[in-house]
Amino acid sequence: MQIERVSVLGLFDRFDHELRFSSEEPITIMIGPNGFGKTMILRLLNVLFSQPVFTLSRYPFRKLIVNFDNNSKIEVSRKFDKDQNIPKLKLVFRERNKIIDSLEPQTLVSSDDLSIPLSSIEDIIPELDQIDRREWRDLSTGSILDFDGVVEKYGSRLPWDSKVPEVTKPEWLLEIRKAIPVRYIDTERLTLFPSASRRPHGMWHSSKFRMTRTVRRYSEELGERVQKTLSEYGSRSQSLDRSFPMRLVEEPPKTHITIEQLRQELSAVEATRAKLVEAGLIAHEDQGPVAPSIEAIDESRRGVLAVYAQDTKEKLSIFDDLYLRIDALKRISDERLLYKHISVGPKGLSVLNTDDSTLDLEMLSSGEQHELVILYELLFRVKNNSFVLIDEPELSLHVDWQDKFLEDLLQMAKISNFRVLLATHSPQIIGDNWHLTVELKGPKL
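Parameters and conventions
- Within any chain, residue numbers begin from 1 and follow the written order of that chain's sequence.
- For a predicted model such as this one, the threshold for reporting local features is a pLDDT of at least 70, and the threshold for listing and counting side-chain atom pairs is 80 or more; totals across whole chains, interfaces and linings nevertheless cover every residue.
- Water and hydrogen atoms were dropped before computing side-chain values, which therefore reflect all heavy atoms in the structure.
- Segments assigned H or I by DSSP are reported as helices when at least four residues long, segments assigned E as strands when at least two residues long, and all are numbered from the N terminus.
- For every residue, the accessible area obtained with a 1.4 Å probe (protein chains only) is divided by the maximum for its type, and the residue is called buried under 20%, exposed over 50%, and partly exposed between those limits.
- Whether two residues touch is decided by their heavy atoms; if any such pair falls within 4.5 Å, the residues are in contact.
- Methods summary: accessible areas were calculated by the Shrake-Rupley approach with a probe of 1.4 Å, and residue burial reflects only the protein chains presented.
- Note: pLDDT gives the predictor's confidence per residue, expressed from 0 to 100.
- Angular values range over 0 to 180 degrees, each being the angle between N-to-C directions of two axes fitted as lines to C-alpha atoms, with helices fitted over their stretch in contact.
- When an angle is under 35 degrees it counts as roughly parallel; over 145 it counts as roughly antiparallel; between 65 and 115 it counts as roughly perpendicular; any other value is oblique.
- Crossing handedness: left-handed means the near helix sits turned counterclockwise from the far one by under a right angle, and right-handed means the same turn made clockwise.
- For this classification, Asp, Glu, Lys and Arg are treated as charged, while Ala, Val, Leu, Ile, Met, Phe, Trp, Tyr, Cys and Pro are nonpolar and the rest, including Gly, are polar.
- Two strands qualify as a pair provided that DSSP identifies no fewer than 2 bridges between them.
- The pocket and cavity definitions rest on a 1 Å grid over protein atoms only: a 1.4 Å probe that fits but cannot leave marks a cavity, an open set with protein on both sides within 12 Å along at least five of seven lines marks a pocket, and residues lining either have an atom within 4 Å of a point.
- Grid points are joined across faces, edges and corners, and a volume is the space filled by probe spheres set on the points.
- Take the buried Ala, Val, Leu, Ile, Met, Phe, Trp, Tyr and Cys residues and link them wherever side-chain atoms come within 4.5 Å; each set so joined is a nonpolar core.
- Helix span, as expected, comes to 1.5 Å for every residue beyond the first.

**Digging into the overall build of the protein chain**
Counting secondary structure elements, the protein chain contains 12 helices and 19 strands. In the protein chain, buried positions account for 48% of the 445 residues. In the protein chain, of all internal contacts separated by at least 6 residues, the share reaching a separation of at least 24 is 65%. Counting every atom, the protein chain has about 22900 Å² of accessible surface; 49% of that belongs to carbon and sulfur.

Structure below.
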């Protein structure tokens, strides 16, 4: 299931836009003057696919229509109720133009129903960082949640003066969101607010508290991911090593394998080890024994080595997905960063100078940080088959890096099979790919 067309009518009470997506191209580029609604369209799609639908009532549009390639579509209508002085939403789901469901999303609860002030929410839910009076960043996803979003995702963990109504979503919306995970990479991507445990209660707005650079947080996340994979590798190794003698006794020896086949399997194992060492996933001292000379061994020992090779392949396969992503991260970033290269290990991401001295991540230029943050987002935070929304990827990037951005994006899209809608003002980002662009136009003056 894929998005085929998006229509936004009455945006800012002025614009009617339509975006069509090619089934053959994974990237669509949205262009147009400032103020025509590129960022707003990204935000509307992000809310529809990943946040409480009621939140859409706060955005200035009249109608949002999303058509899918299976002849279904979602229609969201927003109308201002003059009597109650509030906007009202109506959500309609159609299949082959037949209405399957219709509902009017409502706000869940009022913040007045909380038994604590809004500034205390992050004290109870450490996954949240308050960034405005009624907005929080969800550190588990990086997305921005308003109060309704917090209630929908974390309401059961908050203290209430009255019972909170159970959050229910229509089954069809849950299925669409599952089929098309959305990841929004906005322009505010270099800085994260410190967690509640690192700042006094209720002081989210104070200028005294130092922000956390996103590149530092992502380095820590990557280190945790490496450690988790190493732990899985250790567990699988122990299991296979423990059962190795029994399998040698109970299973028939693989005497049919030829010397040349065995040599190839052992060489492949050593090549995989070498790649993992180079990627920083296995330490040099953990490489294991060098493949023995097998020219003159008898058939029974040949069978033992065949089992050893198969076990080792299974152990190292734990690293397959992580290696693919780290290799892309290292390869792309090393081609972009001048006089520097990156290293990855259980402690996370390190940037090294040409003399192999370590450079603090916070000392990288804004362009270098933007590059690493976007690479990390696309390689490690985007789920398979996602629809990725990127706002102004060119921020702080040199024109040479902008020229190569789509090339990098295509490489990463192949790894996670994602599609992209990006908004840009950069002709360097577009390059020779004007066939991928959709221009937002305004009414005639």
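Structure shown, so let's carry the discussion forward.
**Overview of the confidence of the model for the protein chain**
On average, residues of the protein chain score 83 in pLDDT, and 86% of them are at 70 or above. Below a pLDDT of 50 lies the segment residues 193–210, which in the model reaches 37 contacts outside its immediate sequence neighbourhood of four places, other chains included.

**Examining the packing of helix 9 (residues 366–381) against helix 11 (residues 405–416)**
In the contact formed by helix 9 and helix 11, the axes pass within 9 Å of each other and the chain directions differ by 25°. As judged from the angle between their axes, helix 9 and helix 11 are roughly parallel. The handedness of the crossing between helix 9 and helix 11 is right-handed. Contacts between helix 9 and helix 11 involve Glu371, Ile374, Leu375, Leu378 and Leu379 on the former and, on the latter, Phe405, Asp408, Leu409, Met412, Ile415 and Ser416. Looking at the contact of helix 9 with helix 11 residue by residue, the classes come out as eight nonpolar, one polar and two charged.

**Considerations on the sheet that holds strand 9 (residues 135–138)**
Sheet architecture is open: three strands sit in the order 8-9-10, paired in antiparallel fashion. The open sheet has two edge strands with one neighbour each: strand 8 (128–132) and strand 10 (144–146). If you compare each strand with its neighbour and ignore which way they point, the axes differ by 40° on average. Of the strand pairs in this sheet, strand 9 and strand 10 are connected by three bridges, and their pairing is antiparallel. Along strand 10, the bridge assignment pairs arginine 137 with isoleucine 144. Contacting strand 8, strand 9 and strand 10, helix 3 (residues 147–154) crosses the sheet at an angle of about 100° to strand 10.

**Quick notes on the packing of helix 6 (residues 259–279) against helix 8 (residues 320–336)**
Packed helices, taken two at a time, are described by the angle their axes make and the gap between the axes. Packing of helix 6 against helix 8 brings their axes to within 10 Å, and their N-to-C directions diverge by 50°. By the criterion of interaxial angle, the relationship of helix 6 to helix 8 is oblique. Where helix 6 crosses over helix 8, the handedness of that crossing is left-handed. Counting all contacts with helix 6, which are made through Lys275, Leu276, Glu278 and Ala279, the residues of helix 8 involved are Tyr323, Ile326 and Lys330. In the contact of helix 6 with helix 8, the residues fall into four nonpolar, no polar and three charged.

**A short note on empty space enclosed by the protein**
Applying the stated criterion across every chain yields a total of three cavities of 30 Å³ or more. Around the second largest cavity, the lining residues are Val215, Tyr218, Ser219, Leu329, Leu349, Leu372, Val373 and Tyr376. Listed by contribution, the elements that provide at least two residues to the lining of the second largest cavity are helix 5 (214–250) and helix 9. Looking at the lining of the second largest cavity, its residues break down into seven nonpolar, one polar and no charged.

**A few points about the nonpolar core**
Counting 56 residues, the largest nonpolar core has Leu378, Leu409 and Leu422 as the members making the most contacts within it. With eight residues, the single largest contributor to this core is helix 9. Counting residues in hydrophobic clusters, the runner-up holds 41 residues, among them Phe49, Phe68, Trp172 and Ala423.

**As for helix 6**
The end-to-end C-alpha distance of helix 6, which contains 21 residues, comes to 30 Å, matching closely the 30 Å that a straight helix rising 1.5 Å per residue would cover. For helix 6, the complete set of buried residues consists of Ile259, Leu262, Leu266, Val269, Arg273, Leu276, Val277 and Ala279. Immediately downstream of helix 6, the backbone of glycine 280 shows phi near 90°, a positive value.

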